Amino acid sequence: MNPNDPDRTARARLAADEAASARRAKLSLPDAFRVFVRQPSPWIIAALFVTALAARIAVGDWRITDALVPVVMLALFPLVEWLIHVCVLHWRPRRIGRLTVDSLLARKHREHHRDPRDIPLIFIPWQTFLWLIPALVTIAALVFPRPGLGLTFLVVLALLGLNYEWTHYLVHTDYQPSGRLYRAVRRNHRLHHFKNEHYWFTVTTSGTADRMLRTYPDPGATPNSPTAKALHQ
């Protein structure tokens with residue numbers, strides 16, 4: 001095999017992963033969940049959810065806008081997910097003088113592309129929450145016109161975060177989905193990892209923001225990338 005042929009390299013990479021997956025025992029959802037709950041990020045996000053929910057109930061002051069917040073956030077989440085994936089996770093290291101600008105999230109994501117089956121690399125690094133949660137709490141306190149609405153934002157965001165972590169984790173396991181929607185989500189993310197890292201950036205939905213932002217091409221007409229497992233090389 002010519003190592004400089006991107007098409008053959010990508011096909012071989014995908015075929016090897018599929019063959020290995022076929023040899024492994026199929027994973028049940030309970031077994032997958034037992035692994036999921038041993039990771040730190042689901043517990044951190046769950047703690048944020050429980051704390052924000054308890055505070056939201058204590059504050060009260062329920063209004064119609066509290067029902068609008070989840071609707072707006074659900075509509076915007078695929079776009080936010082796409083922007084984070086493209087602009088943060090796929091950040092190309094840049095040098096400013098002697099300083100290299102390269103975040104932990106970007107570094108860990110490059111490692112994740114090198115080894116998509118490494119379970120700890122699938123999840124948001126716990127160190128990220130040291131600044132992310134204070135930033136989100138600050139946004140909730142300063143951006144929203146009343147405390148209750150800011151807390152509603154945090155509750156919904158934590159649920160979206162848990163769904164993201166669970167979906168992303170499950171896509172990278174040997175669990176075989178039966179539902180049409182989840183099969184599409186799994187297929188798109190595997191195309192991102194094994195065919196071309198420049199497309200298929202959404203994770204929890206089936207190409208919603210990708211279709212809008214023109215990163216949802218026909219897989220058959222899309223060239224295979226030699227750098228899907230070695231970003232920016």
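Note that the structure is predicted; figures quoted are calculated from it, not measured. (Residues numbered from 1 in each chain as written. Predicted model: local features only at pLDDT ≥ 70, side-chain atom pairs only at ≥ 80, totals over all residues. Heavy atoms only, no water.)

Asks: Mind showing me how you'd approach the overall build of the protein here?
Replies: From N to C terminus, the protein includes 10 helices and two strands. Secondary structure elements of the protein occur, N-terminal to C-terminal, as α-α-α-α-β-β-α-α-α-α-α-α. Look at the contacts in the protein between residues 6 or more apart in sequence, and 65% of them connect residues 24 or more apart. Just so you have it, the protein exposes about 12900 Å², and 66% of that area is on carbon and sulfur atoms. (Helix = DSSP H or I, 4+ residues; strand = E, 2+ residues; numbered from the N terminus. Contact = heavy atoms within 4.5 Å. Areas by Shrake-Rupley, 256 points an atom, 1.4 Å probe, with all protein chains shown as cover.)

Asks: Where do I start with the packing of helix α8 (residues 147-171) against helix α9 (residues 180-194) in this structure?
Replies: A packed helix pair is summarised by two numbers, namely the angle formed by the two axes and the spacing between the axes. Closest axis-to-axis distance for the α8/α9 pair is 10 Å, and the angle between their directions is 70 degrees. Taken together, the axes of α8 and α9 are roughly perpendicular relative to one another. You can see that α8 and α9 cross each other, and the crossing is right-handed. Across the interface between the two elements, T167, H168, L170 and V171 from α8 touch Y182, V185, R186 and H189 from α9. Split into classes, the residues belonging to the contact of α8 with α9 amount to four nonpolar, three polar and one charged. (Axes fitted to C-alpha atoms, helices over the stretch in contact; angles between N-to-C directions. Parallel < 35°, antiparallel > 145°, perpendicular 65-115°, else oblique. Left-handed = near helix turned anticlockwise from the far one by under 90°. Nonpolar A, V, L, I, M, F, W, Y, C, P; charged D, E, K, R; others polar.)

Asks: Explain the environment of T51 here, please?
Replies: In this fold, T51 is placed in helix α3 (residues 40-59). We classify T51 as exposed; its relative accessible area is 55%. Residues T51 and L151 lie 100 residues apart in sequence; the distance between their C-alpha atoms is 9.5 Å. One polar contact links the side chain of T51 to the main-chain carbonyl oxygen of A47, over a distance of 2.8 Å. (Buried < 20%, exposed > 50% of the residue type's maximum accessible area, 1.4 Å probe, protein only. Polar contact = N/O pair within 3.5 Å; in protein donor to acceptor, adjacent residues only side chain to side chain.)

Asks: Before we go on, may I ask you to explain a nonpolar patch on the surface in this structure?
Replies: Judged by side-chain polarity, V72, L76, L79, V80, L83, I84, V88, M212 and L213 come together as a nonpolar surface patch covering roughly 710 Å² of accessible area. Per element, the largest residue contribution to the nonpolar patch is seven residues, and it comes from helix α4 (residues 64-89). Overall, L213 belongs to the partly exposed group, its relative accessible area being 33%. (Patch = residues over 30% accessible without salt bridge, like charges linked within 9 Å, V, L, I, M, F, W, Y side chains within 5 Å. Salt bridge = Lys/Arg side-chain N within 4 Å of Asp/Glu carboxyl O.)

Asks: Can you walk me through the UniProt feature "transmembrane region" (unreviewed entry) in the protein in this structure?
Replies: Under the present numbering, the feature "transmembrane region" (unreviewed entry) in UniProt falls on residues 43-59, 71-91, 119-144 and 150-171. Helix makes up 100% of residues 43-59 and strand 0%. Its end C-alpha atoms lie 24 Å apart. For residues 119-144, the end-to-end C-alpha separation is 36 Å, with 69% helix and 0% strand making up the annotated structure. (UniProt positions renumbered as here; feature names shortened; annotations may be inferred.)

Asks: Looking at this model, I keep getting lost on the nonpolar core. Mind explaining?
Replies: Nonpolar side chains in soluble globular proteins tend to be buried together. One finds M73, F153, L154, L160 and Y164 to be the most contacted residues of the largest nonpolar core, which totals 18 residues. In terms of residue count, α8 provides more of this core than any other element does, eight residues in total. Of all hydrophobic cores here, the second largest spans 11 residues; its members include A32, V35, L170 and V171. (Core = buried A, V, L, I, M, F, W, Y, C linked by side-chain atoms within 4.5 Å.)

Asks: What exactly am I supposed to notice about helix α7 (residues 129-142) here?
Replies: For an α-helix, 3.6 residues make a turn, and residues three or four places apart therefore share a direction. With 14 residues, α7 ought to run about 20 Å at 1.5 Å a step, and its terminal C-alpha atoms sit 19 Å apart, in line with that. Buried within α7 are the following residues: F129, L136 and A140. Buried residues of α7, viewed axially, fall in a sector of 35 degrees; they line one side. In this structure, α7 carries L130, A141 and L142 as exposed residues pointing more than 90 degrees from its buried face. In this fold, the buried residues of α7 make contact with α3 and α8. (Expected span 1.5 Å × (residues − 1). Arc of directions from axis to C-beta.)

Asks: Could you clarify how one ought to interpret the pattern of salt bridges in this entry?
Replies: For side chains of opposite charge, pairing can occur when their charged atoms come near one another. Applying the stated criterion to the full structure yields eight salt bridges. A salt bridge links D31 to R34, with the nearest nitrogen and oxygen atoms 2.2 Å apart. Linking D31 with R34, this pair stays in helix α2 (residues 29-36), spanning three residues, or about one helical turn. Where R146 meets D66, a salt bridge forms, and the shortest distance between an N and an O atom there is 2.8 Å.

Asks: What is the right way to look at the packing of aromatic side chains in this model?
Replies: Pairs of aromatic rings are described using the distance from one ring centre to the other and the angle between the two planes. Under the defined criterion, the tally for this structure stands at 11 aromatic pairs. Ring centres of F36 and Y169 lie 5.8 Å apart, and the angle between their planes is 40 degrees; on these two criteria the pair is classed as tilted. Note that F36 is positioned in helix α2 and Y169 in helix α8, a separation of 133 residues in sequence. Here F36 matches Y169 in class, with each residue buried. Seen from the ring of W62, R56 lies directly overhead, with NZ or CZ sitting 3.8 Å from the centre. The cationic tip of R94 hangs over the ring face of W91; the distance from NZ or CZ to the ring centre is 4.1 Å. (Phe/Tyr/Trp six-rings, centres within 6.5 Å; stacked < 30°, edge-to-face > 60°. Lys NZ or Arg CZ within 6 Å of the ring centre and 35° of its normal.)

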